[in-house]
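Remarks on the overall topology
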Amino acid sequence: DVSASWEAFRWPLAGAPLVVSRRGTLEAEGWTEFSYRVSGEFTPARGPPVAGEASGRVTTPALLVAASSWRVLGGRVSLAGSLGRGDTQAWSVSGRAAGIDPAKLRPELPGRLTFGFQGAGRGFGADGPWTAGIRELDGEFRGQPARGSGGIRRAPGQVEFEDLTLSLGPARLQADGVVGRGANLDARLVSD
């Protein structure tokens, strides 16, 4: 069993840090595979700062997040998922975001968005296959009401839209089908 707390932590300890943490705590129990609970404030090298907590297990094949709750981008995100420890780095995630402000990433994109999400893929390279879905998107984006749902699947050479429906103010987009190799897309855009 391990219990630890820190202030001004960075990883890795030498070289350019991948993540910096002002403060946090960790509890772990087990040996080659173990359960964990971590909480704190974290700033990754790429991405917005986050604060909150997560719990799950580290196993031989994967890092598992059973539950987590984070304050990020002016809102809250709860999620669960997994990250494979093998060469393929298979990953999956699902959860809900509430009150997210895109202006925290780009000032010209103010808003407040709430939505459910899920995704899965292999690896993090530009060519890696992945799927992503959004449900019950609701809120405001650049002063306009925003709504939507649907999915996107990416494979080498093609992108597939799965019953994608988005609206921003009076503009509406619907898309279903494939763009790229084997293209067969049914889409409709209505906008002033």
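Values in this document were obtained by computation on a predicted structure and should not be read as measured data.

1. Here we look at the overall build of the protein
What the protein contains, in helices and strands, is 0 helices and 13 strands. Listed by position from the N terminus, the elements making up the protein come as β-β-β-β-β-β-β-β-β-β-β-β-β. Taking the principal axes of its C-alpha atoms as reference, the protein extends roughly 60 × 35 × 30 Å. Looking at the protein as a whole, 28% of its 192 residues qualify as buried. For the protein, the exposed surface amounts to about 12200 Å²; the carbon and sulfur share of it is 57%.

2. As for the pattern of salt bridges
Throughout the structure, instances matching the rule amount to 9 salt bridges. For Asp138, the salt bridge is made with Arg147, and the minimal N-O distance between the two is 2.7 Å. What makes Asp138 partly exposed here is its relative accessible area of 37%. The partner of Glu162 in a salt bridge is Arg153, and the shortest N-O contact between them spans 2.8 Å. Here Glu162 falls in the partly exposed class, since its relative accessible area comes to 30%. Via salt bridges that share partners, Arg22, Arg23 and Glu41 belong to a single interconnected network.

3. Structural notes on the nonpolar core
In terms of nonpolar packing, the biggest core is built from 10 residues, these being Val72, Leu73, Val77, Ala97, Ile100, Leu113, Phe115, Phe117, Leu137 and Ala146. The set of elements that each furnish at least two residues to this core consists of β7 (90-100) and β8 (111-122). Those residues in contact with Ala97, other than ones at most four positions away along the chain, are Arg76, Val77, Leu113, Thr114, Phe115 and Phe117. Judged by nonpolar contacts, the second largest core, of 8 residues, contains Val38, Phe42, Ala54 and Val65.

Cut-offs and rules
Residue numbers run consecutively from 1 along every chain, following the written order of its sequence. The model is predicted, so local features are restricted to residues of pLDDT at least 70 and side-chain atom pairs to those at 80 or more, both for listing and for counting; the totals for chains, interfaces and linings are taken over all residues. Side-chain measures here rest on the full set of heavy atoms in the structure, leaving out hydrogens and waters. The secondary structure listing takes helices from DSSP runs of H or I that are at least 4 residues long and strands from runs of E that are at least 2 residues long, numbered from the N terminus. For every residue, the accessible area (1.4 Å probe, protein chains only) is compared with the maximum for its type, and the residue is labelled buried under 20%, exposed over 50%, or partly exposed between those bounds. In this description, accessible areas are obtained by the Shrake-Rupley approach with a 1.4 Å probe, and a residue is regarded as covered only by the protein chains that are shown. Whenever a carboxyl oxygen of Asp or Glu lies within 4 Å of a side-chain nitrogen of Lys or Arg, that contact is scored as a salt bridge. Only buried residues count toward a nonpolar core, which is a set of Ala, Val, Leu, Ile, Met, Phe, Trp, Tyr and Cys residues joined through side-chain atoms within 4.5 Å. Two residues qualify as a contact provided that any one of their heavy atoms is within 4.5 Å of a heavy atom in the partner residue.

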